Amino acid sequence: MYKKLNAALLALLIMLVMVFDPLLYASAADSGITVQFNNGNSSETANTIYAKFKVYNSSGAPVDLADLKLRYYYTLEGDAQQNFRCDHSGIMNESGYVDITKKVTGTLVKMDTTAPTADYYLEIGFENDAGSIQAGGALEVQAGISKSDWSNYEQSNDYSYKESDTYEDWNQITAFVNGSLVFGEEPVAKDPTVPSIYPATVQYDKSVPSDLTVTLTPNGNTFNGIAGLTQDTDYTVSGNTVTLLKSYLSTLSTGTKELTFDFNTTVAPVLTLIIKDSASSADSLSVTIGTISGNTGDTVILPITFADVE
């Protein structure tokens with residue numbers, strides 16, 4: 001009787017494993033961890049990257065913050081020392097809100113294998129006693145990074161950059177638990193045979209004319225010129241440095257201009273010029289004030305119109 005009962009229980013256990021096994025695998029594939037991102041400074045060029053994260057835990061089990069890492073990927077532009085700060089962080093669980101701002105760590109990591117839009121990442125971590133996100137709870141982190149010389153980041157060419165000042169799902173932020181990727185997609189590594197240029201995006205003010213230099217990284221390819229431009233008239237070349245002449249740049253209209261650098265490759269680097277003319281904008285502003293009539297005590301509307309202003 002005892003042996004028959006054991007056999008029946010074993011058969012039942014095997015059946016339960018067969019039934020629930022797919023659910024176990026589905027749960028592993030869907031970690032239940034989601035991340036939303038909010039850009040505290042959405043300007044394409046800025047001296048500080050303000051990164052705001054919200055992490056939601058719908059996994060059904062608590063997540064120890066000591067095991068959690070969040071990454072924001074970007075391009076450094078230069079080699080200046082960088083500084084990290086955490087402005088605010090808190091956990092929202094059923095039991096209430098807990099401030100953990102002083103429990104947040106930030107590490108700035110130079111990537112061994114870079115991508116076209118990422119050569120560094122900010123890794124947010126937490127001290128061992130930071131607590132946990134309970135099932136159904138959430139975590140918020142508001143952080144910033146800047147360079148010691150306060151030079152700008154070109155955010156527009158950063159992998160994790162998102163022009164949004166509200167929290168939105170964003171899979172170009174990654175989350176890791178115990179070293180395993182549980183949310184987001186890491187940037188694709190750069191092909192070492194593809195040429196590149198630096199910078200890739202530049203703001204140019206025609207009211208302050210100057211030459212513009214671009215550094216080439218041919219990666220074994222030969223630079224053949226800039227499409228549509230004439231060497232020694234519009235630009236000059238010295239080694240791996242291309243200089244766009246102010247005599248050419250001054251002829252461009254305000255707006256966006258893209259220049260393709262020809263290396264006779266399938267993928268060609270493109271320089272995006274954002275052309276502005278601050279002096280012209282200031283001088284051309286015109287204001288027209290209309291006329292009105294009325295009696296004492298009347299409510300009147302005074303028409304004022306502006307022209308030639310952004």
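One numbering rule holds for all chains: residues counted from 1, following each sequence as written. With the structure being a predicted model, the display of local features is reserved for residues of pLDDT at least 70 and the display and counting of side-chain atom pairs for 80 or more, all residues being used for whole-chain, interface and lining totals. Excluding hydrogens and water, the side-chain figures rest on all heavy atoms present in the structure.

Chemist: Which parts of the structure should I look at to understand the sheet that holds strand β9 (residues 118–126)?
Modeler: Across a sheet, paired strands are connected by hydrogen bonds in the backbone, their directions being either parallel or antiparallel. As summarised here, the arrangement of the five strands in space is β8-β9-β5-β14-β15, forming an open sheet in which the pairing is antiparallel. Because the sheet does not close on itself, it has two edges, and the strands there are β8 (104–115) and β15 (180–183). Going from strand to strand, the sheet's axes swing by 30° on average, the running direction of each strand aside. Paired strands, as defined in this entry, are two strands with at least two bridges between them according to DSSP. We count a stretch as a helix when DSSP gives it H or I for four or more residues in a row; a strand needs E for two or more, and each element gets its number in order from the N terminus. Pairing of strand β14 (residues 173–177) with β15, which is carried by three bridges, proceeds in the antiparallel orientation. Within β15, the residue paired with F176 across the bridge is L181. Every axis corresponds to a line fitted to the C-alpha atoms, with the helix fit spanning only the stretch in contact, and the corresponding angles, defined between N-to-C directions, vary from 0 to 180 degrees.

Chemist: Just to check I follow, could you spell out the side chain of E123 for this structure?
Modeler: As for its position among the elements, E123 is in strand β9. When accessible area is computed with a 1.4 Å probe and restricted to protein chains, residues below 20% of their type maximum are described as buried, those above 50% as exposed, and intermediate ones as partly exposed. When its relative accessible area of 14% is taken as the criterion, E123 is described as buried. Side chain to side chain, E123 and R71 meet in a polar contact 2.9 Å long. In this description, contact between two residues means that some pair of their heavy atoms is separated by no more than 4.5 Å. Residues in contact with E123, not counting those within four places in the same chain, are K69, L70, R71, T105, G106 and T107. Within 3.5 Å is the distance limit for a polar contact, defined as a pair of N or O atoms, with the added protein rule that one can donate a hydrogen and the other accept it, and that residues adjacent in sequence qualify only through two side-chain atoms.

Chemist: Explanation requested: the sheet that holds strand β13 (residues 168–169) in the structure shown.
Modeler: One open sheet holds the six strands; their spatial order is β7-β6-β11-β3-β1-β13, and the pairing between them is antiparallel. Sheet topology places β7 (96–99) and β13 at the edges, where each strand pairs with a single neighbour. As paired elements, strand β3 (residues 48–57) and strand β11 (residues 138–147) share nine bridges and run antiparallel to each other. Pairing of A51 across the sheet is with A143, part of β11.

Chemist: What is the right way to look at the packing of aromatic side chains in this model?
Modeler: Two aromatic rings are characterised by how far apart their centres lie and by the angle between their planes. Here a Phe, Tyr or Trp ring, Trp counted by its six-membered ring, pairs with any other such ring whose centre lies within 6.5 Å, and the pair is stacked when the planes are under 30 degrees apart, edge-to-face when over 60, and tilted otherwise. Going through the model one piece at a time under the given rule, you end up with nine aromatic pairs. One aromatic cluster in this structure is built from F37, F53, Y72, Y74, Y120 and Y153. The criterion is that NZ of a Lys, or CZ of an Arg, lies within 6 Å of the ring centre and within 35 degrees of the ring normal, and then a charge sits over that ring. The residue whose ring lies beneath R71 is F176, and the NZ or CZ to ring-centre distance is 4.4 Å. Positioned above the aromatic ring of Y153 is the side chain of K147, whose terminal nitrogen or guanidinium carbon lies 4.7 Å from the ring centre.

Chemist: What's the story with the side chain of K147 in this structure? I'm lost.
Modeler: Among the structural elements, K147 can be located in strand β11. One buried charged side chain, K147, makes no salt bridge at all; its nearest oppositely charged neighbour is E77, positioned 4.6 Å away. A polar side-chain atom of K147 sits 2.6 Å from the main-chain carbonyl oxygen of L76. A polar contact is formed between the side chain of K147 and the backbone oxygen of E77, at a distance of 2.8 Å. Think of it this way: Lys and Arg go in the positive column, Asp and Glu in the negative one, and His and the chain ends go nowhere. The term salt bridge refers to a side-chain nitrogen of Lys or Arg lying within 4 Å of a carboxyl oxygen of Asp or Glu.

Chemist: What's the story with the pairing of β3 in this structure? I'm lost.
Modeler: Consecutive residues of a regular strand have side chains that alternate between opposite faces of the sheet. With seven bridges connecting them, strand β1 (residues 33–39) and β3 associate as antiparallel partners. Across the sheet, residue T34 finds its bridge partner in β3, namely Y56.

Chemist: So what exactly am I meant to see when it comes to the nonpolar core here?
Modeler: Side chains of nonpolar character tend, in soluble globular proteins, to be buried together. Put simply, buried Ala, Val, Leu, Ile, Met, Phe, Trp, Tyr and Cys residues joined by side-chain atoms within 4.5 Å make one nonpolar core. If you look at the biggest cluster of nonpolar residues, it comprises 34 residues, and the most contacted ones within it are F53, L65, Y72, I124, F126, L139 and V141. Taken together, the elements giving at least two residues each to this core come down to β1, β3, β5 (68–74), β6 (82–93), β9, β11 and β14. With near-sequence residues (within four places) excluded, Y72 lies in contact with F37, I49, A51, F53, Y120, Y121, L122, Q155, S160, Y161 and I173.

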